[in-house]
Amino acid sequence: MEYTAKQPSNILARFFGVIARGSTYLNLLYVLLAFPLGLFYFIFLVVGLSLGFSLLIILVGILVLLIVFAGWLAFGAFERQLAIWLLREDIPPMTPPKLRNRPAESAVSWNGFVAYLANPVTWTSLVYLFVKFPLGILSFVVSVAALSITAVFITSPLTFPFLQPEVWFTWNSLWKIDTLGDALIAFVIGLALLFISLHVLNGLAWVSGRFAWVMLGYHGAEEEVLPTAEAPAGATGSGIESETEPGAVPAPGPETAEETEETREEPAQITPQSREMEARQMNNMDTHVKVLGWLYIVLGVLGILGAFLVFVLVFGGGLISGDQQAIWITGIVATVVGGFLLLVSAPGIIAGFGLLGYRNWARVLALILGILNLPGFPIGTILGVYTLVVLLQDETSKLFVR
């Protein structure tokens, strides 16, 4: 009963307390930096890769591509660190343990270079830098629009004698803030928009942070993690060194076994109820992943059918006319439009089948498609939001560790 009584106050505290949390302004800084950084990465990669591949014939392109390769690794590491600093995301290192333990050797040797090429995070970081551009545009537009509209409403009691802001509801209906009463109403609306805008910006920062966690961290199998060097009993002189710091408490003997058992009880506080709840959450996210996969498949198939229908109607109209010039023009238009629809629809089908098989690459592809679908209001926006909410959850991450 006490929990339900405190629930409304907790919700109100979380809603209005957003303005007093320091993380809100760190998130805002990250969201505002997304557009200029994304634009810089996009220009650097497009120009560098284009220049490098075009100059391969005179071997200068190899040097250019190596510079671009080093640059995108450095920018990926910077983005990972930025997400850790500003968004406080616990992102794993970008490299597997075998590269992490010998960074100098890996950077100058051929085997190390090949190992970097084989590291999946090398390529997901490249995709991340490209996707940062449209995601940065979306974040910048939403943040600037939300904050500017909020600022106009909040400052209206001071500015209405000079500026007299106008709010258009329809083409023929508007609200002109030209009196003190209207300005006070606008001020109250602006305060509400301020809190809503900060929550929306926190949501964008959460999406960006979880996306960085997926794309910029090495999530390899547990067996690839190097074991700690623990010296077994009686292993003195065997060449195995312990990682225990000097002056640390040695391993407990039989006389301290009871204390050791007591200390081990603390992390093992998993009750059957908590396991059941975790299993239920996993089953729920499993259902959402399957629904999302079928949504992408169905929409992709509809897109392919639409491409075929457009091609038949447009090109068929030219054939019916019997005019050679009309046939030529409609053939080009039908091929371009139909090919574009086919090109847009095919990745969704691939991602959908991959999600049904819990493939990590399909999760990455679906996240990219979800971000690109966000501007497509309303269906694309709904699908994009649903994709991000489902695939960025911690419970969903466990489903794809295979």
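Computed from a prediction, not measured in an experiment: that's the story for all the values here.

Participant: What's the story with the overall build of the protein in this structure? I'm lost.
Facilitator: Scanning the protein for helices and strands turns up 15 helices and two strands. By the burial criterion, 35% of the 402 residues in the protein qualify as buried. A fraction of 69% describes how many contacts in the protein between residues 6 or more apart in sequence connect residues 24 or more apart. For the protein, the exposed area adds up to about 24,700 Å²; of that, 70% sits on carbon and sulfur atoms.

Participant: Would you take a moment to explain the nonpolar core for this structure?
Facilitator: Across soluble globular proteins, nonpolar side chains have a tendency to be buried as a group. By size, the foremost hydrophobic cluster in this structure holds 60 residues, and its most contacted members are Trp 72, Tyr 128, Phe 211, Val 289, Leu 355 and Leu 391. Among the elements that make up this core, the one with the highest residue count is helix α3 (residues 60-87) (eleven residues). Non-local contacts of Phe 211, meaning those with residues more than four positions away in its chain, are made with Tyr 128, Val 131, Leu 367, Ile 368, Ile 371 and Leu 392. Of all hydrophobic cores here, the second largest spans six residues; its members include Phe 153, Trp 175, Ala 183 and Ala 186.

Participant: Please explain the environment of Val 390 as it appears in this structure.
Facilitator: Considering the arrangement of structural elements, one finds Val 390 in helix α14 (residues 379-391). Other than its neighbours up to four places away in sequence, Val 390 contacts Met 285, His 288, Val 289, Leu 292 and Thr 396.

Participant: Would you take a moment to explain the packing of aromatic side chains for this structure?
Facilitator: What characterises a pair of aromatic rings is the spacing of the ring centres plus the angle enclosed by the ring planes. In this structure the tally under the stated criterion is 18 aromatic pairs. Here Phe 42 and Phe 130 contribute two aromatic rings whose centre-to-centre distance is 6.1 Å and whose plane-to-plane angle is 85 degrees, an arrangement assigned as edge-to-face. Of this pair, Phe 42 sits in helix α2 (residues 22-54) while Phe 130 is found in helix α7 (residues 120-154), placing the two residues 88 residues apart along the sequence. The exposure class assigned to Phe 42 is partly exposed, which follows from its relative accessible area of 30%. Clustering of aromatic rings is evident, with ring pairs tying together Phe 40, Tyr 41, Phe 44 and Phe 75.

Participant: What exactly am I supposed to notice about helix α13 (residues 360-373) here?
Facilitator: Helical geometry note: an α-helix holds 3.6 residues per turn, so side chains three or four residues apart project in the same direction. Between its terminal C-alpha atoms α13 stretches 20 Å, which fits the 20 Å expected from 14 residues at 1.5 Å a residue. What α13 keeps buried is the set Ala 362, Arg 363, Val 364, Ala 366, Leu 367, Ile 368, Leu 369, Gly 370 and Ile 371.

Participant: It is not clear to me how the side chain of Asp 286 should be interpreted in this structure. Could you clarify?
Facilitator: Note that Asp 286 resides in helix α11 (residues 272-321). Once you skip the residues sitting within four places of it in the chain, Asp 286 turns out to touch Tyr 358 and Leu 399.

Participant: What should I look at first to understand unusual backbone geometry in this one?
Facilitator: Glycine aside, a negative phi is what most residues show, and trans is what most peptide bonds show. Note the cis peptide between Phe 377 and Pro 378, where omega equals 0 degrees. Mapping Pro 378 onto the fold places it in the loop between α13 and α14. Phi is positive for Arg 88, close to 55 degrees, though the residue is something other than glycine. Its place among the elements puts Arg 88 in the loop between α3 and α4 (97-100). In this model, Tyr 358 sits at a positive phi of 55 degrees, which is unusual for a non-glycine residue. Given a relative accessible area of 10%, Tyr 358 falls into the buried group.

Participant: How should the environment of Leu 392 be read in this particular structure?
Facilitator: Mapping Leu 392 onto the fold places it in the loop between α14 and α15 (394-399). In the structure, Leu 392 is positioned 181 residues away from Phe 211 in sequence and 7.0 Å away in space, judged by C-alpha atoms. Not counting residues up to four positions away in its chain, the partners in contact with Leu 392 are Trp 206, Val 207, Arg 210, Phe 211, Val 214, Arg 363 and Leu 367.

Participant: What should I look at first to understand a nonpolar patch on the surface in this one?
Facilitator: There is a patch of nonpolar side chains on the surface, built from Trp 294, Val 298, Leu 299, Val 301, Leu 302, Leu 305 and Ile 379 and spanning about 680 Å² of accessible area. The biggest single contributor to the nonpolar patch is α11, with six residues. Judged by relative accessible area, which is 60%, Ile 379 ranks as exposed.

Participant: Would you mind going over the environment of Phe 15 with me for this structure?
Facilitator: For Phe 15, the location among the structural elements is in helix α1 (residues 2-16). Separated by 180 residues in sequence, Phe 15 and Phe 195 place their C-alpha atoms 7.1 Å apart.

Participant: Explain α14 here, please?
Facilitator: Its 13 residues give α14 an end-to-end C-alpha distance of 18 Å, which sits within 8% of 18 Å, the value for a rise of 1.5 Å per residue. Listed in full, the buried residues belonging to α14 are Gly 380, Leu 383, Gly 384, Thr 387, Leu 388, Val 390 and Leu 391.

Participant: Looking at this model, I keep getting lost on the pattern of salt bridges. Mind explaining?
Facilitator: Two side chains of opposite charge can pair, provided their charged atoms sit close to one another. Under the criterion given, the structure shown has four salt bridges. A salt bridge links Asp 394 to Arg 210; the shortest N-O distance between them is 2.7 Å. Of the two residues, Asp 394 sits in helix α15 while Arg 210 sits in helix α9 (residues 180-216), which places them 184 residues apart along the sequence. Classification of Asp 394 by relative accessible area gives partly exposed; the value is 45%. Among the ionic pairs, Asp 286 bridges to Lys 290, the shortest N-O distance being 3.4 Å. Separated by four residues within a single helix, Asp 286 and Lys 290 lie in helix α11, roughly one turn from each other. Residue class for Asp 286 comes out buried when judged on its relative accessible area of 17%.

Quick notes on the rules
- Residues numbered from 1 in each chain as written.
- Predicted model: local features only at pLDDT ≥ 70, side-chain atom pairs only at ≥ 80, totals over all residues.
- Heavy atoms only, no water.
- Helix = DSSP H or I, 4+ residues; strand = E, 2+ residues; numbered from the N terminus.
- Buried < 20%, exposed > 50% of the residue type's maximum accessible area, 1.4 Å probe, protein only.
- Contact = heavy atoms within 4.5 Å.
- Areas by Shrake-Rupley, 256 points an atom, 1.4 Å probe, with all protein chains shown as cover.
- Core = buried A, V, L, I, M, F, W, Y, C linked by side-chain atoms within 4.5 Å.
- Phe/Tyr/Trp six-rings, centres within 6.5 Å; stacked < 30°, edge-to-face > 60°.
- Expected span 1.5 Å × (residues − 1).
- Patch = residues over 30% accessible without salt bridge, like charges linked within 9 Å, V, L, I, M, F, W, Y side chains within 5 Å.
- Salt bridge = Lys/Arg side-chain N within 4 Å of Asp/Glu carboxyl O.

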